[in-house]
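One-letter residues, chain by chain:
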Amino acid sequence: MNESGADFVWIALGAPRQEIFCNKLAERTNAVWIAVGGAFNVISGVIPRAPQWMQDHGLEWFYRLAKEPGRLFKRYFVTNTKFLWYLFKEKGVK
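Worth saying up front: this structure is predicted, and the values here are computed from it rather than measured.

Overall, the coordinates contain five aromatic pairs when judged by the stated rule. In this structure an aromatic cluster arises from ring pairing among Trp 61, Phe 62 and Tyr 76.

Across its 23 residues, helix α5 (residues 69–91) extends 31 Å between first and last C-alpha, which sits within 8% of the 33 Å expected from 1.5 Å per residue. By the largest-angle criterion, Asn 80 marks the main kink of α5, which is about 25°. Directly after α5, the chain includes Gly 92, whose backbone phi takes a positive value near 80°.

Attention now goes to the pairing of strand β2 (residues 32–35). Here strand β1 (residues 8–11) runs beside β2; their pairing, made up of four bridges, is parallel. Along β2, the bridge assignment pairs Phe 8 with Val 32. For the segment spanning β1, helix α1 (residues 17–25) and β2, crossover handedness is right-handed.

The next point concerns the environment of Cys 22. Following the sequence through the fold, Cys 22 ends up in helix α1. Overall, Cys 22 belongs to the buried group, its relative accessible area being 11%. On a C-alpha basis, the gap between Cys 22 and Val 42 in space is 21 Å, while along the polypeptide they are 20 residues apart. Not counting residues up to four positions away in its chain, the partners in contact with Cys 22 are Ile 11, Trp 33 and Ala 35.

What follows concerns the side chain of Glu 60. Take Glu 60: it is sitting in helix α4 (residues 60–67). A relative accessible area of 19% places Glu 60 in the buried class. Only 3.4 Å separates the side chain of Glu 60 from the backbone nitrogen of Ala 50, close enough to count as a polar contact. Beyond its immediate chain neighbours, meaning those up to four positions away, Glu 60 contacts Arg 49, Ala 50, Met 54 and Gln 55.

Glancing now at the side chain of Thr 29. Mapped onto the fold, Thr 29 is located in the loop between α1 and β2. At 3.5 Å, the side chain of Thr 29 forms a polar contact with the backbone nitrogen of Ala 31. Setting aside anything within four residues of it in sequence, one finds Thr 29 in contact with Met 1 and Asn 2.

Quick notes on the rules
- Residues numbered from 1 in each chain as written.
- Predicted model: local features only at pLDDT ≥ 70, side-chain atom pairs only at ≥ 80, totals over all residues.
- Heavy atoms only, no water.
- Phe/Tyr/Trp six-rings, centres within 6.5 Å; stacked < 30°, edge-to-face > 60°.
- Helix = DSSP H or I, 4+ residues; strand = E, 2+ residues; numbered from the N terminus.
- Expected span 1.5 Å × (residues − 1).
- Bend = angle between axes of the 7 residues up to and from the residue.
- Pairing = 2+ DSSP bridges.
- Right-handed = clockwise from strand over helix to strand, strands pointing away.
- Buried < 20%, exposed > 50% of the residue type's maximum accessible area, 1.4 Å probe, protein only.
- Contact = heavy atoms within 4.5 Å.
- Polar contact = N/O pair within 3.5 Å; in protein donor to acceptor, adjacent residues only side chain to side chain.

The following block contains the structure:
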């Protein structure tokens, strides 16, 4: 990859695989690694976006959860709650 001269590597494997992949390989290259999840599928129209009013109110995550609850429930509620817990613990928020 270094020989190609690439400045950026875009990874769209989905969480948490893409983060693990980037973490393992980023130090071996001079490129900036960017984990974009399902962004390419949304931009290309493979996965439909939420209605405009939901986008305008920051609810696109809720639209995706309603469409794929089995796949996204753990990520949105368990993993994100754990992240917030550690964040608040680190910042000393009570």
